[in-house]
Amino acid sequence: MRSLFAVGLIVAVTAFVVPSSANTDNSEASQTQVIKPAPHYKTIRYAGSKYYPPLEWLDSDDLPQGFITDLRIAMAATDGSSASFDLMLWQNALSAVKNGDADAIALIPSNRRAKDFDFTQPFHYVAHGIFSHEDGVQYTQIDQLTNKIIAVASGAYAQTQLQTMAGDYELLNTADELDCLKQVALKNADACIEVSTTSDELIAMYDLPVQLSSGPFWPQPYAFGVKKGNTKLLSQLNQQLATVIVNGDYERVYKQWAHQIESKPHGLLDIIYHHALWFFVPLALLATLTLCWSFTLRKKVAQKTRALRAELDHNRQLQQQIEFNAAHDNITGLLTRTAFFNEIDQQLQAQQDNAEVTLIITQISNLESMITVFGYDTAFTTVARLGERLNTLPNAISAHFGSGLFAIAVNDSEQVEQVIDNIVEPLFTDAAEIEPHLVFGYADTLCSIDSIKAAELVRRAITALTYAQRKKLKVSHYRDSIEPDANNLRLLNDFQKFGCRQFVLHFQPQLDLAKQSVSHVEALIRWQHPELGLIPPYQFIPLLEESGGIKQLTRWVIQQAVKRLKQGESANASKPLMISVNISSHDLVDEDFLPFVRKVIGDINPSHLVFEITESELIEESERAREVIQKLASMGIGSAVDDFGTGYSSLAYLNDLSVQEIKLDRLFVKNICSNKRSYKIVKSTIDLAHDLGLYTVAEGVEDKETLEQLKQLGCDRIQGYYIAKPMPEQELNLFLESFKSPGS
């Protein structure tokens, strides 16, 4: 009797499910037309989870099984490549692809994973569910898990989602999907959140007292992921996927596993059979039953069809949304960096030799100030509003690279001025709103005789932008002459690696004209680079000031100078040699500078140490400079005004600052014998300094005639090549031992 009901069911299904021969013919035709590309990868190494049935898992013989495994084999057959499988703990599988130990992995795409992976087109969809203990509370929603322990598999999509939601619950990170369910079975966790289909299979395979207690949620696509930037493998996998869909292999593999990866009624024929024994014993009612069942089946098929169509529409919309989100910035709606590069490269390739693209880069230079003063909401509003304006530019492609950095591509360099004028118009009508300060750099394909790609065009435009920022310009056009010096980048990189280990101090003696002896030396920094040789300070000091490394370097110089003073005091206490060290405005505003100096000088005589500060920096930081210099004086450390006479400011600050000496700039000193104006400036400065009780030091003394003139004017000390060039410490010691004054 059971076989009769089975036959009736088959007849009913056959009556309402009509195969489409047209579709079959088209599928076969497509199969014959597929052109197999030469594979980039002969063997593709797949990593995956060993506890993810029926999608992929290791059976009792440690052999890989599952829908995804069979799909990969079918995909490899399309281009003559092969596939190898290494199934392991999920977290290890993710790491294997990131580290290059595997080529690809099947996973749920997400924004966080997009930092490490690129994804193929989706090939399957999954949903998550809440799994509770059979004998415990049946949780139907995540909100019910407040103050509960939720188990998640390490590295799983559920772990990322729950961390992002930041709810009031405790996450228990488990080794794998099976362990997640086992923690609920052992009552170490209140619930496990995992993919519904795979968890149902694991519960059945391992006979766990756990069951699905919620409806499906978080519907997500499943795709293959490759290491970020591996475009060759990504293209190959997308091609394989497209081929198996066209030639019918995907449908064949899916049908083999459909009874496990799709929801299905369980024991339907058995239920019908057993109920039929009670209600349909008379054989005469068989036909009536068949008709009733056919009607019911027709209704169920229609319902299932509608549900399937709705699910397919939802999945299609979801996939379109994912693709849109991946290509567009979520704040401005403009293209992302990757999508923008692809768009411009396609445009350049289409135009080939006649390609003319001008790329404009602009940045909101006061964005950080907006965040600091007004908060993120104001900054986001400004970025979004500027994005809206860029979206309205005619015949332009715009993108937001993040952090207020925008790109605009146009086809004509003559449009640049008009585009910039449109962008800089006020964004806000309310006077209380803060307008963005925009700086522009642009480059075009005409600046290169070679073929150019989007990434290089963007780099050149950013180079022009950086140049404009450095030179305080609003707009700058790229040209070869503004390219950064590769040696500068190398020096910054080496400084970050080695710190001050490659630096040395040179010392330049100062002659006391009254005593005709060397009483002071100035400590001058040099970079003894192992490959570039001895590098003078003018080549690296500006770089370190811009990068923030000058603080570390200045403190190293002070430590070395103090070390030299200690050696000198212990060797010859009767003739202490005073050392001058240059400091900058960075040190004046650094709250840690004075405590550092106090600590480093230790037990040396602080009066043997002099800090030289450039006049222009004293003026810029006059209030802070007054405070720092006074505190240095209270420690016994002297201060000097360096490059005096170049500040073009009032001399009144000398009356306010506790400085002990001024150093005359070499620009005035070198011409005192030949230029009456220079002579008068130097003479009046020396007289003024002496009237204020200050010592004077003349820099740049190159000959005996200048020395004699300075001596007549009453200058206290001189420094320059006529006395001695800057020299290493060992040479300085020899110089001091054999010194004979040229003015004696």
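Above this text is the structure in question.
So, how was this worked out
Residues numbered from 1 in each chain as written. Predicted model: local features only at pLDDT ≥ 70, side-chain atom pairs only at ≥ 80, totals over all residues. Heavy atoms only, no water. Buried < 20%, exposed > 50% of the residue type's maximum accessible area, 1.4 Å probe, protein only. Helix = DSSP H or I, 4+ residues; strand = E, 2+ residues; numbered from the N terminus. Pairing = 2+ DSSP bridges. Phe/Tyr/Trp six-rings, centres within 6.5 Å; stacked < 30°, edge-to-face > 60°. Lys NZ or Arg CZ within 6 Å of the ring centre and 35° of its normal. Disulfide = S-S within 2.5 Å. Axes fitted to C-alpha atoms, helices over the stretch in contact; angles between N-to-C directions. Parallel < 35°, antiparallel > 145°, perpendicular 65-115°, else oblique. Contact = heavy atoms within 4.5 Å. Nonpolar A, V, L, I, M, F, W, Y, C, P; charged D, E, K, R; others polar. Arc of directions from axis to C-beta.

Engineer: Sorry, what's going on with the pairing of strand β24 (residues 638-644) here?
Structural biologist: One face of the sheet, then the other: side chains in a regular strand alternate in exactly this way. With six of seven residues buried, β24 is to be regarded as a mostly interior element. Two strands pair when backbone bridges link them, and strand β23 (residues 609-614) and β24 are joined in this way by five bridges, in the parallel orientation. Its bridge partner being in β24, Ile613 is matched across the sheet by Val641. Note: β24 against strand β25 (residues 661-664), three bridges, orientation parallel. The residue of β25 that forms the bridge with Ala640 is Glu661.

Engineer: Just to check I follow, could you spell out the packing of aromatic side chains for this structure?
Structural biologist: Any pair of aromatic rings gets described here by the distance separating the centres and the angle formed by the planes. Evaluated as defined, the whole model comprises 20 aromatic pairs. Where Phe123 meets Tyr222, the ring centres are 6.1 Å apart and the plane angle is 90 degrees; that geometry is what we call edge-to-face. Placement of Phe123 in the loop between β7 (117-119) and β8 (124-133) and of Tyr222 in strand β13 (residues 217-227) is noted, with a sequence separation of 99 residues between them. With 5.7 Å between their ring centres and 45 degrees between their planes, Tyr376 and Phe380 make a pair best called tilted. Of this pair, Tyr376 and Phe380 both sit in helix α14 (residues 376-391), four residues apart, which is roughly one turn of the helix. The structure contains a cluster of three or more aromatic residues connected by ring pairs, namely Tyr46, Tyr52, Phe85, Phe123, Tyr222 and Phe224. Here the guanidinium or amino end of Arg337 rests over the ring plane of Phe401, the centre of that ring lying 4.4 Å away. Here the basic side chain of Arg555 rests over the ring of Phe596, its NZ or CZ set 4.8 Å away from the ring centre.

Engineer: Help me understand the state of the cysteines in this model?
Structural biologist: Any covalent bond linking the sulfur atoms of two cysteines counts as a disulfide. Overall, the coordinates contain one disulfide when judged by the stated rule. Here Cys180 engages in a disulfide with Cys192; their sulfurs sit 2.1 Å apart. Judged by the torsion about the S-S bond (120 degrees), the Cys180/Cys192 disulfide is right-handed. Taken together, the residues span a long stretch of sequence, with Cys180 in helix α6 (residues 177-185) and Cys192 in strand β11 (residues 191-195) at a distance of 12 residues. A residue is classified by how much of its surface remains accessible, and Cys180, at 0% relative accessible area, is buried.

Engineer: Help me understand the packing of helix α3 (residues 67-77) against helix α9 (residues 249-261), please; the structure alone is not making it clear to me.
Structural biologist: Two measures define how a pair of helices packs: the angle their axes make with one another and the distance between the axes. Where α3 meets α9, the axes come as close as 10 Å, and the angle between the chain directions of the two elements is 170 degrees. As the angle between them shows, α3 and α9 are arranged roughly antiparallel. Where α3 abuts α9, its residues Phe67, Asp70, Leu71 and Ala74 lie against Asp249, Tyr250, Arg252, Val253, Tyr254, Gln256, Trp257 and Ile261. Residue classes in the contact of α3 with α9 are distributed as eight nonpolar, one polar and three charged.

Engineer: Help me out: how do you make sense of helix α21 (residues 593-601) in this one?
Structural biologist: In an α-helix, one full turn covers 3.6 residues, which means residues spaced three or four apart are oriented alike. Of the residues making up α21, those classed as buried are Phe593, Leu594, Phe596, Val597, Val600 and Ile601. Around the axis of α21, the buried residues are gathered within 160 degrees of arc, so they sit on the same side. Positive backbone phi, approximately 55 degrees, marks Gly602, located one or two places after α21.

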